[in-house]
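# Residue-level structure breakdown
So you can see what is in the structure, the chains are spelled out below.
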Amino acid sequence: MHGSWAGMAIGIIFLTGCWKGPGPAVEPPPVAVAVLPAEARLTVDRAMTFAAQVDGEPAGEVNWRVVEPGGGTVDGAGTYRAPAVPGVYTVQADFKVRSGQTASAKVTVVAPPAGAINAPPRLMPGALGQRAGIAPVPGSSYRWSITGGEITAGTETPAITFAAGTGPKVLLRCKVNNLAGDVLNTSLEVPVVPPVTLDISPAVATITAERAMKFGFSIAGGISLGVTWSLGEPGAGSLDKAGHYLAPPVPGLYTVRVTSVDDPTQIAVAKVRVVPKPPESLFAPDTFQPGAQGLRATVPDLQGMTYAWSIDGGTMTSGAASPALIFNAGDEPSITLHCKVTNAAGDSFVAAKTIKAF
């Protein structure tokens, strides 16, 4: 008997030492929900599809929405269409099987790559320091190339500086990438115009002091066909932007110049000879004795002038084409003398004097 009770006691003690009773509850691990991709860049008005996952597996039924008003649209399949306005928006998935659990993706919506090239409409052969550019879009990258010229700066920027070749054209190209990876290849062909040729007319001119004349020109090639006018020497007179010239009061040799706006190395020069005005004075006796001989009349003797005398009431004996006339008086009560003086510019003045007999 004693032995039986002892064995039962040992068994009870053994069992008591091995059983510890109920322990703490073990919680199941949390469910992982996600929207893939978690971040994206997308060009305005473009679409992409997002995927919802639960523990790395495709989710069941999901409600999709765009958090920000005006941030685009998303359909039941997770296909998102970006709005027309760049910005940062949130695409969110509500997991129905896990009520209250959501996941989201950040979408950066960017402007499309812009590619309209602004450049001169025409180029002179070999023109340096020319510029071409594209309206910059933040975050875009640029890669320029050229045919028929040389890029001198800005190959990987929105604007370049370049030099033109000899023609007949310059072809500008630019590859533009925006932040979403969209690519735009754009190009522009710019004609290279023929070199400038320029002439002035007349190339040689003789003009009376303080008289006016109009110079003309002929031009070919270049871009604008524009010219500027200038005088070659101080005191050469005056000249307006249309080529109207006014000679100075001082006779001399001067130059009038016309210069191409497109190519300032192209200059046409007119040689201008400014000559004195014909004199207006006539010197002769105030009276004469009828029948008198060897009378004398003069006008100023100026270089380059021509003279033509005429007489009424007397007879010319010498100098009819010179500054000094020798004449005889007749029996008339008066003598009238005329002398037409013409300068090298073709301007004339007729001087006259009447003298009375005594």
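What you are looking at is a predicted structure, and each value in this text was computed from that prediction instead of being measured. (Residues numbered from 1 in each chain as written. Predicted model: local features only at pLDDT ≥ 70, side-chain atom pairs only at ≥ 80, totals over all residues. Heavy atoms only, no water.)

Turning to the side chain of N178, a few remarks are in order. As for its position among the elements, N178 is in the loop between β16 (169–177) and β17 (183–191). The class for N178 is buried, based on a relative accessible area of 6%. Side-chain polar atoms of N178 contact the side chain of T43, separated by 2.9 Å. In this structure N178 touches T43, V110, A111, P112, P113, G139 and S140, once residues within four positions along its chain are discounted. (Helix = DSSP H or I, 4+ residues; strand = E, 2+ residues; numbered from the N terminus. Buried < 20%, exposed > 50% of the residue type's maximum accessible area, 1.4 Å probe, protein only. Polar contact = N/O pair within 3.5 Å; in protein donor to acceptor, adjacent residues only side chain to side chain. Contact = heavy atoms within 4.5 Å.)

Moving on: the sheet that holds strand β7 (residues 73–74). Across the sheet, three strands lie side by side as β3-β8-β7; this open sheet has antiparallel pairing. What marks the edges here is a single partner per strand, and that holds for β3 (47–49) and β7. (Pairing = 2+ DSSP bridges.)

We now examine the nonpolar core. Grouped together as the largest cluster of nonpolar side chains are 40 residues, with contacts concentrated most on L172, F215 and Y245. If we skip the residues at most four places from it in the chain, L172 touches I117, A119, A132, S145, I146, I160, F162, T186, S187, L188 and V190. (Core = buried A, V, L, I, M, F, W, Y, C linked by side-chain atoms within 4.5 Å.)

Time to look at the confidence of the model for the protein chain. With 92% of its residues at a pLDDT of 70 or more, the protein chain shows a mean pLDDT of 92. Note on residues 1–21: pLDDT under 50 across the span, and zero contacts to partners over four residues away in sequence or across chains. (pLDDT = per-residue confidence, 0-100.)

It is worth spelling out the pairing of strand β26 (residues 267–275) at this point. As judged from the five bridges shared by strand β19 (residues 204–208) and β26, these two strands associate in the parallel manner. Bridge pairing in β26 places T208 opposite V275. Summarising the sheet, strand β25 (residues 252–260) and β26 pair through eight bridges and their orientation is antiparallel. Its bridge partner being in β26, R257 is matched across the sheet by V269. In textbook terms, the turn of a hairpin is the stretch between consecutive antiparallel strands, and for β25 and β26 this stretch comprises six residues.

Here the focus is the packing of aromatic side chains. Using the criterion set out here, one finds three aromatic pairs in the structure. When the centroid spacing of 6.0 Å and the interplanar angle of 70° are considered together, the rings of F215 and Y245 count as edge-to-face. Residue F215 is located in the loop between β20 (212–214) and β21 (216–220), and its partner Y245 is located in strand β24 (residues 244–246); the two are separated by 30 residues in the primary sequence. For the pair F217 and W229, a centre-to-centre distance of 6.1 Å together with 70° between the ring planes defines the contact as edge-to-face. Of this pair, F217 sits in strand β21 while W229 sits in strand β22 (residues 227–231); the two residues are 12 residues apart in sequence, bridging distant segments of the chain. (Phe/Tyr/Trp six-rings, centres within 6.5 Å; stacked < 30°, edge-to-face > 60°.)

Let us look at the sheet that holds strand β2 (residues 39–43). Pairing is mixed across the open sheet formed by four strands, whose spatial order is β2-β10-β9-β6. Whereas interior strands pair on both sides, the edge strands pair on one side only; in this sheet they are β2 and β6 (62–66). For this sheet the average axis-to-axis angle between neighbouring strands, irrespective of direction, equals 25°. Here eight bridges tie strand β9 (residues 87–95) to strand β10 (residues 102–110), and the two strands are oriented antiparallel to one another. Paired with Q92 across the strands is S104, a residue of β10. (Axes fitted to C-alpha atoms, helices over the stretch in contact; angles between N-to-C directions.)

Turning our eyes to something else, we now look at the environment of G226. Here G226 shows up in the loop between β21 and β22. Excluding residues that lie within four positions of it along the chain, G226 makes contacts with I219, T259, S260 and V261.

Examined against the element boundaries, T259 turns out to sit in strand β25. The class for T259 is buried, based on a relative accessible area of 13%.

With that settled, the discussion passes to the pattern of salt bridges. Considering all chains together, one arrives at seven salt bridges under this definition. Measuring nitrogen to oxygen at the nearest pair gives 2.8 Å for the salt bridge that ties D182 to R46. Here R46 lies in the loop between β2 and β3 and D182 lies in the loop between β16 and β17, a separation of 136 residues in the sequence. For R46, a relative accessible area of 43% puts it in the partly exposed group. (Salt bridge = Lys/Arg side-chain N within 4 Å of Asp/Glu carboxyl O.)

Backbone torsion omega between G167 and P168 reads 10°, so that peptide bond is classified as cis. In this structure, P168 sits in the loop between β15 (159–164) and β16. Cis geometry marks the peptide bond from S201 to P202; its omega dihedral reads -5°. Note on placement: P202 falls in the loop between β18 (197–201) and β19. A positive phi angle, near 70°, is found at D45, a position not held by glycine. Along the chain, the position of D45 falls in the loop between β2 and β3.

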